[in-house]
Amino acid sequence: MTKLHIRKDDNVIVLAGKDKGKKGKVLKVLVAEQRAIVEGLNMVKKSQKPSAKNPQGGIVEQEAPIHISNLSLIDPKSGKATRVSIKHEGKNVIRIAKKSGEEIK
């Protein structure tokens with residue numbers, strides 16, 4: 001299993017695909033598939049059978065996973081895409097934006 005530069009609750013920008021240039025918050029990271037689900041992006045329609053939760057059934061719109069290579073973290077200072085460097089301080093791992101040198105929370 002590989003380590004990924006994107007985590008849950010990060011703000012990211014899409015670099016390629018139908019949602020290129022859009023920004024969003026990461027809801028879930030699928031480490032094994034190297035994909036992430038981003039809030040409000042890569043929406044797909046899915047048919048759903050009636051259930052107790054949704055007695056009507058029908059067509060539901062939901063977020064589909066996006067490959068990690070098509071996402072980039074947003075620099076906290078400039079608001080643009082940035083690469084990430086990792087700094088170790090004891091047992092803590094700190095992610096730093098390459099463009100501004102700011103720490104990514």
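Residues numbered from 1 in each chain as written. Predicted model: local features only at pLDDT ≥ 70, side-chain atom pairs only at ≥ 80, totals over all residues. Heavy atoms only, no water.

All right, on to the overall build of the protein chain then. Across its full length, the protein chain carries zero helices and 11 strands. Listed N to C, the secondary structure of the protein chain is β-β-β-β-β-β-β-β-β-β-β in terms of helices and strands. Computed over the C-alpha atoms, the radius of gyration of the protein chain is 17 Å, more than 25% above the 13 Å expected from 2.2 N^0.38 for a compact globule of 105 residues. Seen along its three principal axes, the alpha-carbon backbone of the protein chain occupies a region of about 50 × 30 × 20 Å. (Helix = DSSP H or I, 4+ residues; strand = E, 2+ residues; numbered from the N terminus. Rg over C-alpha atoms; globule rule 2.2 N^0.38 Å.)

Before going further, it helps to examine a positive patch on the surface. Side chains of Lys-80, Arg-83, Lys-98 and Lys-99 sit close together on the surface and give a patch of like positive charge. Lys-98 sits in the partly exposed class, given a relative accessible area of 47%. (Patch = residues over 30% accessible without salt bridge, like charges linked within 9 Å, V, L, I, M, F, W, Y side chains within 5 Å. Areas by Shrake-Rupley, 256 points an atom, 1.4 Å probe, with all protein chains shown as cover. Salt bridge = Lys/Arg side-chain N within 4 Å of Asp/Glu carboxyl O. Lys, Arg positive; Asp, Glu negative; His and termini not counted. Charge placed at Lys NZ, Arg CZ, Asp CG, Glu CD. Buried < 20%, exposed > 50% of the residue type's maximum accessible area, 1.4 Å probe, protein only.)

Here the focus is the sheet that holds strand β3 (residues 35-38). The antiparallel open sheet is built from six strands, whose spatial order is β6-β3-β2-β1-β7-β8. Strands at the two margins of the open sheet, each flanked by one partner only, are β6 (66-67) and β8 (81-82). The pairing of strand β7 (residues 71-74) with β8 spans two bridges and is antiparallel. By the bridge assignment for β8, Ile-74 is matched with Ala-81. (Pairing = 2+ DSSP bridges.)

Time to look at the confidence of the model for the protein chain. With 99% of its residues at a pLDDT of 70 or more, the protein chain shows a mean pLDDT of 93. Of all the helices and strands in the protein chain, strand β11 (residues 103-104) carries the lowest mean pLDDT, 90, while β3 carries the highest, 97. (pLDDT = per-residue confidence, 0-100.)

Ile-6, Val-12, Val-38, Ile-66 and Leu-71 are the most contacted members of the largest nonpolar core, which has 13 residues in total. Listed by contribution, the elements that provide at least two residues to this core are β1 (11-14), β3 and β7. The contacts of Val-38, once residues within four sequence positions are left out, are Val-12, Gly-24, Lys-25, Val-26, Glu-63, Ile-66 and Leu-71. (Core = buried A, V, L, I, M, F, W, Y, C linked by side-chain atoms within 4.5 Å. Contact = heavy atoms within 4.5 Å.)

Glancing now at the environment of Gly-79. Tracing the chain through its elements places Gly-79 in the loop between β7 and β8. Classification of Gly-79 by relative accessible area gives partly exposed; the value is 21%. As for Gly-79 and Val-12, which are separated by 67 residues in sequence, their C-alpha atoms are 9.7 Å apart. For Gly-79, the contacting residues outside a window of four places in its chain are Lys-23 and Ile-74.

Looking at where Lys-87 falls in the secondary structure, it is placed in strand β9 (residues 84-89). For Lys-87, a relative accessible area of 42% translates into the label partly exposed. Leaving out residues up to four positions away in the same chain, Lys-87 has contacts with Asn-92, Val-93, Ile-94 and Ile-96.

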